[in-house]
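# Structural overview
As a plain string of letters, each chain reads:
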Amino acid sequence: MSPQSGSLPLLRVERVSHDYTPATPALAPVTFDVAEGEFVCIVGTSGSGKSTLLRIIGGLLQPSTGVVWLDGARATEPHPQIGFVFQKTNLMPWRTALDNVLLPLELLGAIGPTQHSQARALLELVGLADFADAYPAQLSGGMAQRLVLARALVRHPRLLLLDEPFGALDALTRERLNLELLRIQTGQRQTVVMVTHSINEAVFLADRVLVLGEQPGRILAEIGVDLPRPRNLAVMGSEKFGAIATEIRRHIGLVEE
Ligand SMILES: Nc1ncnc2c1ncn2[C@@H]1O[C@H](COP(=O)(O)OP(=O)(O)OP(=O)(O)O)[C@@H](O)[C@H]1O
Ligand SMILES: [Mg+2]
(Lines give C-alpha, C1' and ligand atoms only; values in the text may rest on other atoms or scores of the structure.)
(Ligands and ions follow the chains in the order given, each with its own letter.)
Protein backbone atom coordinates (compact mmCIF):
# COMPACT_ATOMS: atom_id res chain seq x y z
CA MET A 1 0.00 0.00 0.00
CA SER A 2 1.06 3.63 0.29
CA PRO A 3 4.49 4.50 1.55
CA GLN A 4 4.43 5.51 5.19
CA SER A 5 6.33 8.69 5.89
CA GLY A 6 5.99 8.46 9.65
CA SER A 7 3.63 11.43 9.82
CA LEU A 8 -0.10 10.89 9.88
CA PRO A 9 -1.84 10.79 6.48
CA LEU A 10 -4.69 13.28 6.07
CA LEU A 11 -7.00 10.43 5.05
CA ARG A 12 -6.75 6.78 5.95
CA VAL A 13 -9.25 4.31 4.57
CA GLU A 14 -8.81 1.17 6.61
CA ARG A 15 -10.41 -2.13 5.53
CA VAL A 16 -13.56 -0.32 4.43
CA SER A 17 -16.23 -2.48 2.83
CA HIS A 18 -19.89 -2.04 1.95
CA ASP A 19 -22.80 -4.36 1.27
CA TYR A 20 -26.01 -2.68 0.13
CA THR A 21 -27.68 -6.02 0.78
CA PRO A 22 -26.11 -9.16 2.28
CA ALA A 23 -26.33 -10.83 -1.12
CA THR A 24 -24.61 -8.03 -3.06
CA PRO A 25 -21.30 -6.85 -1.67
CA ALA A 26 -20.51 -3.60 -3.50
CA LEU A 27 -17.10 -3.03 -1.99
CA ALA A 28 -14.64 -5.58 -0.56
CA PRO A 29 -12.36 -4.29 2.21
CA VAL A 30 -10.13 -1.57 0.77
CA THR A 31 -7.23 0.16 2.48
CA PHE A 32 -5.26 3.20 1.36
CA ASP A 33 -3.85 6.49 2.62
CA VAL A 34 -3.93 9.95 1.11
CA ALA A 35 -1.28 12.45 2.19
CA GLU A 36 -1.95 16.15 2.69
CA GLY A 37 -1.72 17.97 -0.65
CA GLU A 38 -1.92 14.76 -2.66
CA PHE A 39 -4.17 14.33 -5.71
CA VAL A 40 -5.48 10.76 -5.93
CA CYS A 41 -7.69 9.54 -8.76
CA ILE A 42 -9.89 6.45 -8.62
CA VAL A 43 -10.66 4.71 -11.90
CA GLY A 44 -12.58 1.52 -12.62
CA THR A 45 -15.42 0.10 -14.64
CA SER A 46 -19.02 1.09 -13.97
CA GLY A 47 -20.27 -0.64 -10.85
CA SER A 48 -16.83 -1.16 -9.30
CA GLY A 49 -17.87 0.73 -6.18
CA LYS A 50 -16.19 4.08 -6.85
CA SER A 51 -19.14 6.24 -5.78
CA THR A 52 -19.82 3.91 -2.86
CA LEU A 53 -16.26 4.37 -1.65
CA LEU A 54 -16.38 8.15 -2.07
CA ARG A 55 -19.71 8.40 -0.25
CA ILE A 56 -18.26 6.43 2.65
CA ILE A 57 -15.20 8.71 2.79
CA GLY A 58 -17.55 11.71 2.74
CA GLY A 59 -19.53 10.28 5.66
CA LEU A 60 -22.72 10.02 3.59
CA LEU A 61 -22.81 6.24 3.83
CA GLN A 62 -21.74 4.05 6.72
CA PRO A 63 -19.25 1.31 5.85
CA SER A 64 -20.29 -2.27 6.61
CA THR A 65 -16.79 -2.83 8.01
CA GLY A 66 -13.71 -0.71 8.50
CA VAL A 67 -12.90 2.84 9.49
CA VAL A 68 -12.29 6.16 7.74
CA TRP A 69 -9.78 8.38 9.54
CA LEU A 70 -9.47 12.08 8.82
CA ASP A 71 -6.35 13.57 10.35
CA GLY A 72 -6.20 10.74 12.87
CA ALA A 73 -9.84 11.02 14.02
CA ARG A 74 -12.66 8.66 13.04
CA ALA A 75 -14.89 10.29 10.43
CA THR A 76 -18.37 8.83 10.64
CA GLU A 77 -20.62 11.60 9.38
CA PRO A 78 -20.46 14.47 6.86
CA HIS A 79 -17.47 16.47 8.00
CA PRO A 80 -17.15 20.25 7.62
CA GLN A 81 -13.58 19.72 6.46
CA ILE A 82 -14.67 17.57 3.54
CA GLY A 83 -16.04 19.17 0.35
CA PHE A 84 -18.02 16.99 -2.06
CA VAL A 85 -18.88 17.32 -5.75
CA PHE A 86 -21.30 14.65 -6.92
CA GLN A 87 -21.80 12.96 -10.29
CA LYS A 88 -24.83 15.19 -10.88
CA THR A 89 -24.93 18.90 -10.06
CA ASN A 90 -27.29 19.59 -7.22
CA LEU A 91 -27.55 23.35 -7.39
CA MET A 92 -30.56 25.16 -5.95
CA PRO A 93 -32.36 26.45 -9.08
CA TRP A 94 -34.08 29.30 -7.27
CA ARG A 95 -30.83 30.68 -5.87
CA THR A 96 -28.34 32.81 -7.78
CA ALA A 97 -24.78 31.57 -8.32
CA LEU A 98 -23.57 33.69 -5.41
CA ASP A 99 -26.32 32.40 -3.11
CA ASN A 100 -25.55 28.81 -4.09
CA VAL A 101 -21.92 29.29 -3.04
CA LEU A 102 -23.06 30.94 0.20
CA LEU A 103 -25.37 28.07 1.12
CA PRO A 104 -22.84 25.91 3.01
CA LEU A 105 -21.83 28.98 5.05
CA GLU A 106 -25.47 29.79 5.81
CA LEU A 107 -25.85 26.35 7.28
CA LEU A 108 -22.99 27.21 9.64
CA GLY A 109 -24.36 30.56 10.80
CA ALA A 110 -24.88 34.19 9.94
CA ILE A 111 -23.89 35.60 6.56
CA GLY A 112 -22.14 38.96 6.49
CA PRO A 113 -19.80 40.96 4.28
CA THR A 114 -16.89 38.58 5.01
CA GLN A 115 -18.82 35.58 3.69
CA HIS A 116 -20.00 37.55 0.67
CA SER A 117 -16.50 38.57 -0.31
CA GLN A 118 -15.29 35.01 0.29
CA ALA A 119 -17.97 33.65 -2.05
CA ARG A 120 -17.21 36.30 -4.68
CA ALA A 121 -13.51 35.44 -4.51
CA LEU A 122 -14.37 31.80 -5.18
CA LEU A 123 -16.59 32.72 -8.14
CA GLU A 124 -13.61 34.64 -9.46
CA LEU A 125 -11.33 31.65 -8.86
CA VAL A 126 -13.53 29.40 -10.99
CA GLY A 127 -14.02 32.06 -13.69
CA LEU A 128 -17.61 33.01 -12.84
CA ALA A 129 -17.05 36.50 -11.45
CA ASP A 130 -19.50 37.99 -13.96
CA PHE A 131 -22.20 35.44 -13.20
CA ALA A 132 -22.75 36.01 -9.48
CA ASP A 133 -26.36 37.03 -10.06
CA ALA A 134 -27.16 34.39 -12.69
CA TYR A 135 -29.42 31.44 -11.88
CA PRO A 136 -28.24 27.85 -12.53
CA ALA A 137 -30.60 27.53 -15.52
CA GLN A 138 -28.75 30.42 -17.15
CA LEU A 139 -25.38 28.65 -16.92
CA SER A 140 -23.85 26.16 -19.36
CA GLY A 141 -23.02 22.66 -18.09
CA GLY A 142 -19.36 23.57 -17.63
CA MET A 143 -20.25 26.77 -15.78
CA ALA A 144 -22.65 24.89 -13.51
CA GLN A 145 -19.90 22.42 -12.62
CA ARG A 146 -17.50 25.25 -11.86
CA LEU A 147 -20.14 26.72 -9.59
CA VAL A 148 -20.48 23.40 -7.78
CA LEU A 149 -16.71 23.35 -7.37
CA ALA A 150 -16.76 26.87 -5.89
CA ARG A 151 -19.48 25.80 -3.47
CA ALA A 152 -17.46 22.75 -2.43
CA LEU A 153 -14.44 24.97 -1.72
CA VAL A 154 -16.25 27.65 0.29
CA ARG A 155 -15.60 26.07 3.67
CA HIS A 156 -11.90 25.59 2.84
CA PRO A 157 -12.15 21.81 3.05
CA ARG A 158 -9.00 19.92 4.01
CA LEU A 159 -10.18 17.20 1.64
CA LEU A 160 -12.05 17.64 -1.64
CA LEU A 161 -13.99 14.63 -2.96
CA LEU A 162 -14.97 14.74 -6.63
CA ASP A 163 -17.19 12.07 -8.18
CA GLU A 164 -16.87 12.38 -11.96
CA PRO A 165 -17.32 16.13 -11.73
CA PHE A 166 -16.87 16.68 -15.45
CA GLY A 167 -18.34 13.41 -16.71
CA ALA A 168 -21.34 14.97 -18.43
CA LEU A 169 -19.34 17.62 -20.28
CA ASP A 170 -17.94 17.68 -23.79
CA ALA A 171 -14.26 16.80 -24.22
CA LEU A 172 -13.03 20.36 -24.79
CA THR A 173 -14.83 21.82 -21.79
CA ARG A 174 -13.59 18.91 -19.74
CA GLU A 175 -9.97 19.54 -20.70
CA ARG A 176 -10.29 23.19 -19.85
CA LEU A 177 -11.84 22.43 -16.47
CA ASN A 178 -9.14 19.87 -15.75
CA LEU A 179 -6.54 22.57 -16.31
CA GLU A 180 -8.43 24.90 -14.00
CA LEU A 181 -8.77 22.20 -11.39
CA LEU A 182 -5.00 21.64 -11.48
CA ARG A 183 -4.38 25.36 -11.13
CA ILE A 184 -6.72 25.57 -8.12
CA GLN A 185 -5.31 22.40 -6.56
CA THR A 186 -1.72 23.58 -6.95
CA GLY A 187 -2.46 27.10 -5.73
CA GLN A 188 -4.23 25.95 -2.59
CA ARG A 189 -2.26 22.71 -2.09
CA GLN A 190 -5.70 21.15 -1.95
CA THR A 191 -5.91 17.45 -1.11
CA VAL A 192 -8.19 15.80 -3.68
CA VAL A 193 -9.69 12.34 -4.18
CA MET A 194 -11.40 12.22 -7.56
CA VAL A 195 -13.36 9.48 -9.30
CA THR A 196 -13.20 9.50 -13.08
CA HIS A 197 -13.98 7.17 -15.97
CA SER A 198 -11.22 8.71 -18.01
CA ILE A 199 -7.82 7.09 -17.67
CA ASN A 200 -6.16 10.02 -19.45
CA GLU A 201 -7.81 12.46 -17.06
CA ALA A 202 -6.58 10.41 -14.09
CA VAL A 203 -2.99 10.28 -15.30
CA PHE A 204 -3.03 13.97 -16.21
CA LEU A 205 -4.30 15.09 -12.80
CA ALA A 206 -3.13 12.60 -10.21
CA ASP A 207 -0.07 11.89 -8.12
CA ARG A 208 -1.41 8.38 -7.70
CA VAL A 209 -4.15 6.35 -9.37
CA LEU A 210 -6.16 3.64 -7.63
CA VAL A 211 -7.59 1.09 -10.04
CA LEU A 212 -10.79 -0.53 -8.81
CA GLY A 213 -12.12 -3.87 -10.04
CA GLU A 214 -15.71 -5.01 -9.73
CA GLN A 215 -17.90 -7.62 -8.05
CA PRO A 216 -17.13 -6.75 -5.41
CA GLY A 217 -15.19 -3.50 -5.80
CA ARG A 218 -11.59 -3.82 -4.70
CA ILE A 219 -8.24 -2.18 -5.39
CA LEU A 220 -6.51 -3.96 -8.27
CA ALA A 221 -3.52 -1.66 -8.40
CA GLU A 222 -2.05 1.57 -7.05
CA ILE A 223 -0.03 3.39 -9.66
CA GLY A 224 2.20 6.37 -8.93
CA VAL A 225 2.25 9.10 -11.58
CA ASP A 226 5.68 10.68 -11.45
CA LEU A 227 5.13 13.13 -14.28
CA PRO A 228 6.66 16.52 -13.46
CA ARG A 229 4.50 19.42 -12.29
CA PRO A 230 3.27 21.89 -13.28
CA ARG A 231 1.65 19.88 -16.06
CA ASN A 232 0.14 21.15 -19.27
CA LEU A 233 -1.82 19.31 -21.94
CA ALA A 234 1.37 18.59 -23.90
CA VAL A 235 2.36 16.03 -21.25
CA MET A 236 -0.41 13.79 -22.60
CA GLY A 237 1.68 13.21 -25.72
CA SER A 238 4.74 12.03 -23.82
CA GLU A 239 5.98 8.47 -23.85
CA LYS A 240 5.84 8.21 -20.07
CA PHE A 241 2.22 9.36 -20.01
CA GLY A 242 1.34 6.70 -22.56
CA ALA A 243 3.15 4.01 -20.59
CA ILE A 244 1.33 4.85 -17.35
CA ALA A 245 -2.06 4.96 -19.12
CA THR A 246 -1.36 1.59 -20.73
CA GLU A 247 -0.43 0.08 -17.38
CA ILE A 248 -3.74 1.24 -15.92
CA ARG A 249 -5.65 -0.16 -18.91
CA ARG A 250 -3.84 -3.47 -18.44
CA HIS A 251 -5.01 -3.65 -14.80
CA ILE A 252 -8.60 -2.91 -15.83
CA GLY A 253 -8.31 -5.59 -18.48
CA LEU A 254 -8.55 -3.27 -21.47
CA VAL A 255 -5.17 -4.41 -22.84
CA GLU A 256 -4.30 -8.02 -23.72
CA GLU A 257 -1.46 -9.43 -21.62
N1 LIG B 1 -28.32 2.48 -3.33
C2 LIG B 1 -27.93 1.27 -3.76
N3 LIG B 1 -28.61 0.14 -3.45
C4 LIG B 1 -28.22 -1.08 -3.86
N5 LIG B 1 -27.13 -1.30 -4.63
C6 LIG B 1 -26.41 -0.22 -4.98
C7 LIG B 1 -26.77 1.12 -4.58
N8 LIG B 1 -25.86 1.98 -5.09
C9 LIG B 1 -24.98 1.23 -5.77
N10 LIG B 1 -25.31 -0.10 -5.71
C11 LIG B 1 -24.57 -1.20 -6.33
O12 LIG B 1 -23.24 -1.18 -5.80
C13 LIG B 1 -22.29 -1.42 -6.83
C14 LIG B 1 -21.31 -0.26 -6.88
O15 LIG B 1 -22.01 0.92 -7.25
P16 LIG B 1 -21.30 2.33 -7.37
O17 LIG B 1 -22.33 3.33 -7.67
O18 LIG B 1 -20.44 2.55 -6.19
O19 LIG B 1 -20.37 2.06 -8.67
P20 LIG B 1 -19.51 3.11 -9.51
O21 LIG B 1 -18.16 2.50 -9.64
O22 LIG B 1 -19.60 4.46 -8.93
O23 LIG B 1 -20.24 3.06 -10.93
P24 LIG B 1 -20.37 4.22 -12.03
O25 LIG B 1 -19.02 4.29 -12.70
O26 LIG B 1 -21.41 3.71 -12.97
O27 LIG B 1 -20.75 5.50 -11.37
C28 LIG B 1 -23.09 -1.62 -8.11
O29 LIG B 1 -23.20 -3.01 -8.33
C30 LIG B 1 -24.43 -1.01 -7.82
O31 LIG B 1 -25.44 -1.69 -8.50
MG1 LIG C 1 -20.34 6.27 -9.62
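For the structure, see preceding data.
Residues numbered from 1 in each chain as written. Chains lettered and ligands numbered in written order. Predicted model: local features only at pLDDT ≥ 70, side-chain atom pairs only at ≥ 80, totals over all residues. Heavy atoms only, no water.

### A look at the site of ligand 1
Ligand 1 sits among 13 residues. The nearest are Ser 46, Gly 47, Lys 50, Ser 51 and Thr 52. Taking Ser 48, its main chain carries an N or O atom lying 3.2 Å from an oxygen atom of ligand 1. Measuring from an oxygen atom of ligand 1, one finds a side-chain N or O atom of Lys 50 at 2.7 Å. Look at ligand 1: alone it shows 630 Å² of surface, and the protein chains cover 57% of it. With three residues, helix 1 (residues 50–57) is the single largest residue contributor to the shell around ligand 1. Grouping the constituent residues of the shell around ligand 1 by class yields two nonpolar, nine polar and two charged. (Near = heavy atom within 4 Å. Polar contact = N/O pair within 3.5 Å; in protein donor to acceptor, adjacent residues only side chain to side chain. Areas by Shrake-Rupley, 256 points an atom, 1.4 Å probe, with all protein chains shown as cover. Helix = DSSP H or I, 4+ residues; strand = E, 2+ residues; numbered from the N terminus. Nonpolar A, V, L, I, M, F, W, Y, C, P; charged D, E, K, R; others polar.)

### Regarding the pairing of strand 8 (residues 191–195)
When you tally the buried positions in strand 8, you get five out of five residues, the bulk of the element. Judged by which residues are buried, strand 8 turns out to be covered on both faces: Thr 191, Val 193 and Val 195 on one side and Val 192 and Met 194 on the other are all buried. Both strand 3 (residues 39–44) and strand 8 contribute to a ladder of four bridges, which runs parallel. The partner of Ile 42 across the bridge, within strand 8, is Val 195. Here strand 7 (residues 159–163) runs beside strand 8; their pairing, made up of five bridges, is parallel. (Buried < 20%, exposed > 50% of the residue type's maximum accessible area, 1.4 Å probe, protein only. Pairing = 2+ DSSP bridges.)

### Re the sheet that holds strand 4 (residues 65–70)
Strand order in the open sheet formed by four strands is 2-1-4-5, and the pairing between neighbours is antiparallel. The two strands at the open ends of the sheet, each matched to only one other strand, are strand 2 (24–34) and strand 5 (73–74). Sheet analysis places strand 1 (residues 11–21) next to strand 4, joined by five bridges and oriented antiparallel. Directly across from Ser 17, in strand 4, lies its bridge partner Thr 65.

Everything listed is a geometric property; what it means functionally is a separate question.
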